[in-house]
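Coordinates in review
Residues per chain are reported as follows:
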Amino acid sequence: MRTGTRALLRTVASRPGLQVGIAQSALGYVLTSLGAVLVLLARDLDLPAARLAWLSSAFGVGLLVTAAAGPRMLKAGPRPALRAGALGAATGTCLLAAAPSLPYAVAGGLLFGLGGAALVLVTPALVSGPGVAARLTRVTAASSSAAVLGPLAMGGLDALGPSGRLALFACVPPLLLLVAGLTPPGYTGPAELPKPRYGGASEPCPQPVAALQVGYRWSRVVLAVGVEFCFVVWAAARLQDTGVAAATATILGSSFPLGMALGRLAGHRLVDRIPAVPVGSVLTGTATLVIVASATPARVAAGLLLAGIGIATLYPATLADLLGAAALPVPQAASLGALASGAAILTAPALLAGVATVLDLRVAFLITLPLLIALNGLPGRVPSPGPAGRAAEDRRRQP
């Protein structure tokens, strides 16, 4: 038994792809369950759901902190950050699952936010290189596949009597497996991303153009993640608004991660072949209209399924664009990705909640439409200024 355990740890430690898969699966299980956790925690602690909107904000704050510390955290390679993130996420998950009062839940949310953010930070570092969009779609497919189980497990357990939050404990053993993993001899981490070339040519990208590309593509990640987390956080509450019980809303809420899983399982083969962002945006916009116009749980769940399919490739495609645009080593590029996700998670779900207090939650989902329009309106690539523009840039740089 002891020999088998050591062999398992060595296998995990020697395969970065497996590490990312385990981390993303555990992360997806909890993250996509945040809407269900919000509903059940509000009921268990006898609090209005609006007072628990900080659940997603805690993860957003964690992303901002790790973005600032990212280059230093990844200086020794992704493995130490991976282990620290897994430990923090496991501890925070335990607190969220068993919190008897609001302070424990807050502590759990913050710890999970910091730990989960570290897992997000190391993912691009472990899968970077040519074909990164397909690899990101594949590893996030593992996240979404595990996420389908979260709301189902929580709703099913809650229907049997115990609080459905206890189902969060299921993701703790995989996280502890990462903590206990052994670093293989000679492992130095992934290679750095090559510096991007301007317009595919041999000359380096002029600095102002490079900065614009990073700014545009960073903003696209913010918008893509913002749309996704509006659904992640508020899907179960929208279902509960149709009149179903908390446990039923939690179970039906799994339709959104199911759509994400289906979209990403197919998307890793398509993301480099089709215009993933426009196609995904059209599907998501259509789904949003269905969710807003529907009054029955079945139709809302069908809209959430379609939204999950549409949103599935938005984050992998926009993050891959950002990694390809930033003329930076992997640690800096990964930190920019974490910063974008944190900014989106802190603002978009809170904006939806603010609109819901003035109107209602069903109408509030319409805020995803301008986010999608802005996502498609921002250019992914800045056109070449041509020889004259490059000559002007050279003159500007001369003393």
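A short tour of the structure in this document, coming up. Note that the structure is a prediction, hence the values are computed from the model and not measured.

Attention now moves to the overall build of the chain. Along the backbone of the chain there are 18 helices and zero strands. Across the 399 residues that make up the chain, the buried fraction comes to 54%. Sequence-distant contacts, at least 24 apart, represent 83% of the contacts inside the chain between residues at least 6 apart. Carbon and sulfur atoms form 67% of the exposed surface of the chain, whose accessible area is close to 16200 Å².

Bringing the packing of helix H12 (residues 276-293) against helix H17 (residues 368-377) into the picture now. One can describe the packing of H12 onto H17 by two numbers: an axis separation of 10 Å at closest approach and a directional angle of 170°. Taken together, the axis directions place H12 and H17 in an arrangement best described as roughly antiparallel. Counting all contacts with H12, which are made through Val277, Pro278, Ser281, Thr284, Gly285, Thr288 and Leu289, the residues of H17 involved are Thr368, Leu369, Leu372, Leu375 and Asn376. For the contact of H12 with H17, a count of residues per class yields six nonpolar, six polar and no charged.

Because an α-helix completes one turn every 3.6 residues, residues spaced three or four positions apart along the sequence face the same direction. The buried fraction of helix H3 (residues 34-44) amounts to nine of the eleven residues, a majority that puts the element mostly inside the structure. For H3, the set of buried residues is Leu34, Gly35, Ala36, Val37, Leu38, Val39, Leu40, Leu41 and Ala42. After H3 finishes, the residue Asp46 shows a positive phi value of roughly 55°.

What follows concerns the packing of aromatic side chains. A complete count under the given rule lists two aromatic pairs for this structure. Aromatic side chains Phe231 and Phe256 sit 5.5 Å apart centroid to centroid with 15° between the ring planes, which places their arrangement in the stacked category. In this pair, Phe231 sits in helix H9 (residues 207-240) while Phe256 sits in helix H11 (residues 255-270), placing the two residues 25 residues apart along the sequence. Residue Phe256 is classed as buried on the basis of its relative accessible area, which comes to 1%. Taking 5.4 Å as the distance between ring centres and 50° as the angle between the ring planes, the aromatic pair formed by Phe231 and Phe365 counts as tilted. Placement of the pair is Phe231 in helix H9 and Phe365 in the loop between helix H16 (361-364) and H17, with a sequence separation of 134 residues. For Phe231, a relative accessible area of 0% corresponds to the buried category. Cluster of aromatic residues (ring-pair linked, three or more members): Phe231, Phe256 and Phe365.

What follows deals with the side chain of Thr123. Its place among the elements puts Thr123 in helix H6 (residues 102-127). A distance of 2.9 Å separates the side chain of Thr123 from the backbone oxygen of Leu119, its partner in a polar contact. The contact partners of Thr123, leaving out residues within four places of it in the chain, are Val20, Gln24, Leu136 and Val139.

Throughout the structure, instances matching the rule amount to five salt bridges. Residue Asp44 is joined to Arg165 by a salt bridge in which the shortest nitrogen-to-oxygen separation is 2.9 Å. Residue Asp44 is located in helix H3, and its partner Arg165 is located in the loop between helix H7 (132-160) and helix H8 (172-180); the two are separated by 121 residues in the primary sequence. Here Glu228 makes a salt bridge to Arg264, at a shortest N to O gap of 3.7 Å. Of the two residues, Glu228 is situated in helix H9 and Arg264 in helix H11; the sequence distance between them amounts to 36 residues. Within the structure, one salt-bridge network assembled from shared partners comprises Arg43, Asp44, Asp158 and Arg165.

Glancing now at unusual backbone geometry. Glycine aside, negative phi is the norm for most residues, and most peptide bonds take the trans geometry. Here Asp46, not a glycine, exhibits a phi torsion of approximately 55°, which is positive. Considering the arrangement of structural elements, one finds Asp46 in the loop between H3 and helix H4 (54-73). Note on Asp46: relative accessible area 68%, which makes it exposed.

Glancing now at H12. Helix length check: H12 (18 residues) gives 26 Å between terminal C-alpha atoms against 26 Å at 1.5 Å per residue, within 8%. Buried residues of H12: Ala276, Val277, Gly280, Ser281, Thr284, Gly285, Ala287, Thr288, Ile291 and Val292, and no others.

There is a patch of nonpolar side chains on the surface, built from Leu258, Leu262, Leu270, Ile274, Val279, Leu283 and Ile309 and spanning about 500 Å² of accessible area. If you list the elements that add at least two residues to the nonpolar patch, you get H11 and H12. Broken down by element, the residue count for the nonpolar patch peaks at three residues, all from H11. Mapping Val279 onto the fold places it in helix H12.

All right, on to the packing of H12 against helix H13 (residues 297-311) then. What describes two packed helices is the angle between their axes and the distance between those same axes. Contact geometry of H12 with H13 gives a least axis separation of 8 Å together with a crossing angle of 165°. What the angle tells us is that H12 and H13 run roughly antiparallel. Every pair of crossing elements has a handedness; the one defined by H12 and H13 is left-handed. Contact with H12, carried on its side by Gly280, Leu283, Thr284, Thr286, Ala287, Val290 and Ile291, involves Arg299, Val300, Gly303, Leu304, Leu306, Ala307, Ile309, Gly310 and Ile311 of H13 and no other residues of that element. Residues belonging to the contact of H12 with H13 are distributed by class as follows: ten nonpolar, five polar and one charged.

How each quantity is defined
Residues numbered from 1 in each chain as written. Predicted model: local features only at pLDDT ≥ 70, side-chain atom pairs only at ≥ 80, totals over all residues. Heavy atoms only, no water. Helix = DSSP H or I, 4+ residues; strand = E, 2+ residues; numbered from the N terminus. Buried < 20%, exposed > 50% of the residue type's maximum accessible area, 1.4 Å probe, protein only. Contact = heavy atoms within 4.5 Å. Areas by Shrake-Rupley, 256 points an atom, 1.4 Å probe, with all protein chains shown as cover. Axes fitted to C-alpha atoms, helices over the stretch in contact; angles between N-to-C directions. Parallel < 35°, antiparallel > 145°, perpendicular 65-115°, else oblique. Nonpolar A, V, L, I, M, F, W, Y, C, P; charged D, E, K, R; others polar. Phe/Tyr/Trp six-rings, centres within 6.5 Å; stacked < 30°, edge-to-face > 60°. Polar contact = N/O pair within 3.5 Å; in protein donor to acceptor, adjacent residues only side chain to side chain. Salt bridge = Lys/Arg side-chain N within 4 Å of Asp/Glu carboxyl O. Expected span 1.5 Å × (residues − 1). Patch = residues over 30% accessible without salt bridge, like charges linked within 9 Å, V, L, I, M, F, W, Y side chains within 5 Å. Left-handed = near helix turned anticlockwise from the far one by under 90°.

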